[in-house]
Amino acid sequence: MRAKATKERTSLPDQEFTALLVVDVQYDFLPGGALGVPDGDQILAPLSRLLSSNVFPLIVATQDWHPPNHVSFASNHRDKQPMDRIMLYGHEQTLWPDHCIQGTHGAKLHPGPDWTKVAAIIRKALDPTTDSYSAIRNNWNPRGVRPPTGLAGYLKNRRIERIFVCGLALDFCVKWTAEDAIDEGFEVTVIWDLCRAIDSSASEYVRHDLAERGVEVVTLADLFEAVK
Ligand code: VGL
Ligand code: ZN
């Protein structure tokens, strides 16, 4: 059974080579924020429990960190509305409300979870020309390539082989990060109940796509049970 296999694979001996990646738990992605993820606040309490549990020896957080003139903002395109889609450098780009602008309140990590033990915070999407859903590589830039953020190198340098991913939003930054991590050769597990999607109907296709790419999915309860 899958649950059993999961438990075996999350057992203690791997832990030294395992990292937790907490994606974009920022005010703007929480209800009331500029790009509020429905029920995003419901991950805060369980995430707090996980961060204070010492389950992971290495924790990395990410922050979406846009300049005001960012290409992903509808406000920077003539006659476009948030959630419109355009073709950008040959790929579909959703246009978003202005969000997570560098240095603003909306870009701050929500202070509920205790971030004290986070070893590194990776900021992404700083390039005005290029979005970055994934914490590992930017989306396509004007030259048609996806420049690395350096996170994969950081994790490999730390001898990390396995990554657990959680955070916001499931259908964008969590999904893209998990899939890129697979492409970088990591074993990847998404902590399902510590994620929420922008589009609440997305969960089904995200689960399917992740499984197809070889990403495992567990619940926080599975995880705590496995390391007990
Ligand atoms: C995200 C849309 C735009 C995310 C970031 O964190 O999932 N989504 N920027
Ligand atoms: Zn963004």
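Before reading further, recall that the structure is shown in the block above.
Residues numbered from 1 in each chain as written. Chains lettered and ligands numbered in written order. Predicted model: local features only at pLDDT ≥ 70, side-chain atom pairs only at ≥ 80, totals over all residues. Heavy atoms only, no water.

Student: Quick question: what am I supposed to make of the packing of aromatic side chains here?
Tutor: When we look at a pair of aromatic rings, we describe it by the centre distance and by the angle of the planes. On inspection of all chains with the given rule, the structure shows 6 aromatic pairs. Here a set of aromatic residues connected by ring pairs shows up, and it is made of Trp-96, Tyr-133, Trp-140, Phe-172 and Trp-176. Here Arg-123 stacks its cationic end above the ring of Trp-65, 3.7 Å away from the centre of that ring. Positioned above the aromatic ring of Trp-140, the side-chain terminus of Arg-146 is 5.5 Å from the ring centre. (Phe/Tyr/Trp six-rings, centres within 6.5 Å; stacked < 30°, edge-to-face > 60°. Lys NZ or Arg CZ within 6 Å of the ring centre and 35° of its normal.)

Student: Even after reading the chapter, I still don't get the coordination of the zinc ion (ligand 2), so can you show me in this structure?
Tutor: Protein ligation of the zinc ion (ligand 2) involves Asp-64 (OD), His-66 (NE2) and His-99 (NE2), the donor distances falling in the range 2.0 to 2.1 Å. Coordination geometry of the zinc ion (ligand 2): the 4 donor atoms subtend angles of 88 to 171° at the metal centre, consistent with an arrangement described as irregular. (Donors = N, O, S within 2.8 Å, 3.2 Å for Na, K, Ca; no water. Tetrahedral: all angles 85-135°; square planar, octahedral: opposite > 155°, others 65-115°.)

Student: So what exactly am I meant to see when it comes to the nonpolar core here?
Tutor: Soluble globular proteins: nonpolar side chains tend toward being buried together. One finds Leu-20, Val-22, Leu-50, Trp-115, Leu-155, Val-190 and Ile-191 to be the most contacted residues of the largest nonpolar core, which totals 68 residues. Here this core gets 7 residues from one element, more than from any other, and that element is helix H4 (residues 170-183). Ile-191 has contacts with Leu-20, Leu-50, Phe-164, Val-165, Cys-166, Val-218, Thr-219, Leu-220 and Leu-223, leaving out every residue within four places of it along the chain. Val-71, Ala-74, Ile-86 and Leu-95 belong to the second-largest nonpolar core, a separate cluster that totals 5 residues. (Core = buried A, V, L, I, M, F, W, Y, C linked by side-chain atoms within 4.5 Å. Buried < 20%, exposed > 50% of the residue type's maximum accessible area, 1.4 Å probe, protein only. Helix = DSSP H or I, 4+ residues; strand = E, 2+ residues; numbered from the N terminus. Contact = heavy atoms within 4.5 Å.)

Student: Looking at this structure, how should I read the pairing of strand E6 (residues 162-168)?
Tutor: Regular strands have side chains that alternate between both faces of the sheet. Of all 7 residues in E6, 7 are buried; the element is thus mostly enclosed. With burial as the criterion, each face of E6 is covered, one bearing Arg-162, Phe-164, Cys-166 and Leu-168 and the other bearing Ile-163, Val-165 and Gly-167. As paired strands, strand E1 (residues 18-23) and E6 are joined by 6 bridges and run parallel to one another. By the bridge assignment for E6, Thr-18 is matched with Arg-162. With 6 bridges joining them, E6 and strand E7 (residues 187-196) adopt parallel strand pairing. Bridging across to E7, Phe-164 finds its partner in Thr-189. Once you follow E6 into H4 and on to E7, the crossover reads as right-handed. (Pairing = 2+ DSSP bridges. Right-handed = clockwise from strand over helix to strand, strands pointing away.)

Student: I tried to follow the side chain of His-70 on my own but got confused; where do I start?
Tutor: Looking at the secondary structure, you find His-70 in the loop between strand E2 (58-64) and strand E3 (85-88). Not counting residues up to four positions away in its chain, the partners in contact with His-70 are Asn-76, Ala-125, Asp-127, Pro-128, Thr-130 and Asp-131.

Student: Any chance you could explain helix H2 (residues 44-51) here in plain terms?
Tutor: Counting along an α-helix, one turn takes 3.6 residues, and residues three or four places apart therefore face a common direction. Of the positions making up H2, those classed as buried are Leu-44, Pro-46, Leu-47, Leu-50 and Leu-51. Projected onto a plane normal to the axis of H2, the buried residues spread over an arc of 165° and lie on a single side. Looking at the packing, one finds that the buried side of H2 touches E1, E2, E6, E7 and helix H6 (220-226). (Arc of directions from axis to C-beta.)

Student: So what exactly am I meant to see when it comes to the sheet that holds E6 here?
Tutor: Sheet strands pair by backbone hydrogen bonding; their relative direction is either parallel or antiparallel. Here 6 strands make up an open sheet; going across it, the order is E5-E2-E1-E6-E7-E8 and the pairing parallel. Lying at the two open borders of the sheet, with one neighbouring strand each, are strand E5 (120-124) and strand E8 (216-218). Pairs of neighbouring strands in the sheet enclose a mean axial angle of 25°, with direction left out of account. Along the sheet face, helix H5 (residues 203-213) touches E7 and E8 and points at about 170° away from the line of E7. (Axes fitted to C-alpha atoms, helices over the stretch in contact; angles between N-to-C directions.)

Student: Help me understand the pairing of E7 in this model?
Tutor: With respect to burial, E7 is a largely interior element, 7 of its 10 residues being buried. Here 3 bridges tie E7 to E8, and the two strands are oriented parallel to one another. Note on E8: the bridge partner recorded for Ile-191 is Val-218. In terms of handedness, the path from E7 via H5 over to E8 forms a crossover that is right-handed.

Student: Quick question: what am I supposed to make of the pattern of salt bridges here?
Tutor: Side chains that differ in sign of charge can pair as their charged atoms come close. Counted under the stated rule, the structure contains 11 salt bridges. The salt bridge partner of Arg-213 is Asp-183, with a shortest N-O separation of 3.0 Å. Of this pair, Arg-213 sits in helix H5 while Asp-183 sits in helix H4; the two residues are 30 residues apart in sequence, bridging distant segments of the chain. The exposure class of Arg-213 is partly exposed, given its relative accessible area of 35%. By relative accessible area, which is 54% here, Asp-183 ends up exposed. When salt bridges with common partners are traced through the structure, they connect Lys-175, Glu-179, Asp-183, Asp-209 and Arg-213 into a single cluster. (Salt bridge = Lys/Arg side-chain N within 4 Å of Asp/Glu carboxyl O.)

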